[in-house]
Amino acid sequence: MPTLSGELRPHAGARIAIIASRWNPAIVDALVDGARRCLQAHGVAEADIDVVRVPGAWEIPQLAAHLAGRGYAALLALGCVVRGDTRHYEHVADNCAQGLLRVALDHRLPVLNGVLAVERHADAQARAGGAHGNKGEEVALAALEMIDLWRTP
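Remember, it's a predicted structure, so these values are computed and weren't measured experimentally.

Undergrad: Whenever I open this one, the overall build of the protein confuses me. Can you help?
TA: Per the secondary structure count, the protein includes five helices and six strands. When the helices and strands of the protein are listed from N to C terminus, the series reads β-α-β-α-β-α-β-α-β-β-α. When its C-alpha atoms are laid out on the principal axes, the protein stretches across 50 × 35 × 30 Å. In the protein, which comprises 153 residues, the proportion classed as buried is 44%. Excluding contacts between residues fewer than 6 apart, the proportion of contacts in the protein whose partners are at least 24 apart in sequence is 79%. Total accessible area computed for the protein in this model is approximately 8200 Å², and 52% of it derives from carbon and sulfur atoms. Side-chain charges in the protein split into 15 positive and 17 negative, and the spacing between the mean points of these groups amounts to 4 Å.

Here it is as structure tokens:
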């Protein structure tokens, strides 16, 4: 039985959208920069990368659904939700993740979830270029692999 896996290679004309929230800008900007640098380092042309900003994580899956039928090879979702004193954190983080999964399944499109859901700002900083790497880079790599896998006969 053959084993299929995607490779980290660009596909000519494969457009990628990075959907990023404006909330927690220092964190999210670092995630976006990491994703862009990673995609370009792996041969994706700058012209094939669109960055679209939305107010917050709640709006990310809404825009993902809107963009899903517009010819993108993958959508990367980047944001940051930090726990507060209310249940708002759970509503936003959980429903954002569920919405992204729904877009991926409904549209048969790679949708990568790089929306951080953390307890403290320090946890987010660690995942936005700090001690735990850059989640933006991680989802960019996953996107390249999924695009390649999607195009494997």
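Picking up where we left off.
Undergrad: So what exactly am I meant to see when it comes to the environment of Glu 46 here?
TA: Position of Glu 46 among the secondary structure elements: in the loop between helix H1 (25-41) and strand E2 (49-54). A relative accessible area of 52% places Glu 46 in the exposed class. Other than its neighbours up to four places away in sequence, Glu 46 contacts Arg 36 and Gln 40.

Undergrad: Explain the pairing of strand E1 (residues 16-21) here, please?
TA: Residues in a regular strand project their side chains so that they alternate between the two faces of the sheet. The buried count for E1 comes to six of six residues, which makes it a mostly enclosed element. With burial as the criterion, each face of E1 is covered, one bearing Ile 16, Ile 18 and Ala 20 and the other bearing Ala 17, Ile 19 and Ser 21. For the crossover that starts at E1, traverses H1 and ends in the parallel E2, the hand is right-handed. Relative to strand E3 (residues 74-82), E1 runs parallel, the two being bridged by five bridges.

What counts as what
Residues numbered from 1 in each chain as written. Predicted model: local features only at pLDDT ≥ 70, side-chain atom pairs only at ≥ 80, totals over all residues. Heavy atoms only, no water. Helix = DSSP H or I, 4+ residues; strand = E, 2+ residues; numbered from the N terminus. Buried < 20%, exposed > 50% of the residue type's maximum accessible area, 1.4 Å probe, protein only. Contact = heavy atoms within 4.5 Å. Areas by Shrake-Rupley, 256 points an atom, 1.4 Å probe, with all protein chains shown as cover. Lys, Arg positive; Asp, Glu negative; His and termini not counted. Charge placed at Lys NZ, Arg CZ, Asp CG, Glu CD. Right-handed = clockwise from strand over helix to strand, strands pointing away. Pairing = 2+ DSSP bridges.

Read these as layout, nothing more, since geometry by itself doesn't imply function.
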